[in-house]
Amino acid sequence: MESIAQLLKLIPYYDQVPDLLQKFLPMLVSSIVVFAYIALLVLFFIWMERKVSAHMQDRLGPMYAGGWHGWAQSIADAIKLLFKEDIIPAAADRLLFKLAPFVVFTAAFASFVVVPFGATSIASDLNIGILYIFAVASLAIVGILMAGWASNNKYALYGGMRSAAQIVSYEIPAAIVIMTVVIPVGSLSMQEIVLAQAGGVHNWFVFRNPFTFIAFFVYFVCTVAEVNRTPFDMPEAESELVAGYHVEYTGMRFAFFFLAEYANMFLVGAIAAALFLGGWNGVLPPDWLPWLAVPGPVIISVKALALVFVQMWLRWALPRLRVDQLMYMCWKVLLPVSLVLVLGVGYLAVFWK
Amino acid sequence: MKRYFTDIGLGITTTLHSMWIAWKHMFVPAVTLQYPTVKWELPERSRARLFNKIADCIGCGQCARVCPTDCIDIQTEKRGKDEPAIFASEGTAIKLRTYVFDIDMTLCCYCALCTFPCPTHCLVMTREYEYSVYDKRDHVYHYAVDKPLYTKLKEAAAKAPAAQA
């Protein structure tokens, strides 16, 4: 945000703008920048998801819209959704029904405040960055539950309930596993965690020690569950619940759920990249091949993109888990493993130095 | 306890295995045919739209009789003795004038039973399968070209009481 504030100062007569506005404008501009970036990425992800899923099933996927391999398919879909009729069921709770998609999207969008895109490009480097992400991301449960409840549809309610149960449970191992990163860094700030991994691949937390190596995978599994994607897509299980909590949604409101889901995928990938894969640090130490320096936002976006690809890949590799299997995996496998990992990292931090 | 750890190990290995299978399929050429631009060539004897070569039709009505869905409607009249003799292409004399030969393709079940009794082999199933229309009445194909010479009066007489009632 500082860099955007610097840029705004270049506008003529900017110093004569009222102080309140001077404080407010950088926030507005940076949020618009992040929003535009995410919206573009989401459009790309939807196309990518369709292509990846198609090719993994020996199909072609969208091929017409736009010409080259249907690159404009998601743009066409977005326009279609914009023009669609906005239906609110007669028996729905109108206020909650209208509010829910925006709550879900706000939760996804607000987390981007602390995602470190580069050394200077971070909206706000909170000193409790990770905690903030967990707090805000949990808001999505409220939105999903709102949507499920307000739709006045049994499938939507089932989806909302399942989603709440799933996200709340999987947040526990995810939060504990993050301790394995926080302990060696000694800070909750995202920027400091990224800086602690500077200087090449061997400094990334995945490759620091065996505990953080496993921690990365545990965290990844937890996040896949948190963004409700296959094999953990109980809340929107097509074959059981039609479409889960967003059955009754059409047009723009449905698009917001979609946007939130894919924004969450990218968010989760970016956070995993920042915590374990070195964030905006390059693969090589900075003093090697200095002419190869790539801007930080590009590096972290590529890393997040790779993780998003793995999420899509998992979707077509695995069938959906049963609810009891899901809970088994969370409470009986991931939670004990994450506790052991934290103990191991703590042991290393105290006795290994 | 042992079961617990073998289960975790199985979970990891089977996940990796299925991911490997999905990865391999990324590079398998797609089986998709880009339909409107690329079309699958149908087998020679595939059954789609019916076609009647009316010049060869002797109006025997066997196809209409055998049809399980009654989708063929044939009306004929005797040709006059003074009219010149005409023959189907394989030699059968055409003694009846077919003035109605309608096939309702919305009723057709594509069994091809009608094509087998046809003595002059003029009723055949073609490979043409793209004939959707906006109005279902367009699916009734009229093959007859001749006009009736003698039955017109009879038909009018038959219709008249119905009109009065």
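It should be emphasised that the depicted structure is a prediction, and the values quoted were computed from it without experimental measurement.

About the criteria used
Residues numbered from 1 in each chain as written. Chains lettered and ligands numbered in written order. Predicted model: local features only at pLDDT ≥ 70, side-chain atom pairs only at ≥ 80, totals over all residues. Contact = placed C-beta atoms within 7 Å. Nonpolar A, V, L, I, M, F, W, Y, C, P; charged D, E, K, R; others polar. Pairing = 2+ DSSP bridges. Helix = DSSP H or I, 4+ residues; strand = E, 2+ residues; numbered from the N terminus. Axes fitted to C-alpha atoms, helices over the stretch in contact; angles between N-to-C directions. Domains from an automatic or database assignment. Left-handed = near helix turned anticlockwise from the far one by under 90°.

(A) Inspection of the interface of chain B and chain A at higher detail. Between chain B and chain A, the residue contacts involve twelve residues of the former and 13 residues of the latter. Residues belonging to the side of chain B that touches chain A are distributed by class as follows: seven nonpolar, five polar and no charged.

(B) Focus on the sheet that holds strand E7 (residues 140-142) of chain B. Residue and element names in this part refer to chain B. Reading across the sheet, the three strands line up as E2-E5-E7 and stay open at both edges, with antiparallel pairing between neighbours. The sheet is open, and its two borders are formed by strand E2 (72-78) and E7, each paired with just one other strand. Strand-to-strand twist across the sheet, computed as the mean angle between neighbouring axes with direction ignored, equals 15 degrees. Both strand E5 (residues 96-104) and E7 contribute to a ladder of three bridges, which runs antiparallel. Bridge pairing links aspartate 102 to histidine 142 in E7.

(C) Region of interest: the domain arrangement of chain A. Residues and elements named next belong to chain A. Assigned domains within chain A: domain 1 (1-83) and domain 2 (91-352). Between domain 1 and domain 2, the residue contacts involve 19 residues of the former and 20 residues of the latter. At the level of elements, helix H1 (2-8), helix H2 (19-56) and helix H3 (73-83) are the ones that each hand at least two residues to the side of domain 1 that touches domain 2. When residues of the side of domain 1 that touches domain 2 are assigned to their parent elements, the largest contribution, twelve residues, is made by H2. For the side of domain 1 that touches domain 2, the residue count by class is 13 nonpolar, four polar and two charged.

(D) Highlighting the packing of helix H9 (residues 210-226) of chain A against helix H13 (residues 323-352) of chain A. All names here are of chain A. Two numbers describe how H9 lies on H13: the axes approach to 10 Å, and their chain directions differ by 150 degrees. The two elements H9 and H13 meet at a crossing, and its hand is left-handed. The residues of H13 that touch H9, namely those facing Phe211, Thr212, Ile214, Ala215, Val218, Val221 and Cys222, are Leu334, Val337, Ser338, Leu341, Gly344 and Val345. Looking at the contact of H9 with H13, its residues break down into ten nonpolar, three polar and no charged.

(E) Structural view of the environment of Leu8(A). Residues and elements named next belong to chain A. Note on placement: leucine 8 falls in helix H1. Through-space distance from the C-alpha of leucine 8 to that of alanine 54 is 44 Å; in sequence the pair is 46 residues apart. Apart from residues lying up to four places away in sequence, leucine 8 is in contact with Tyr14, Leu25, Pro26 and Val29.

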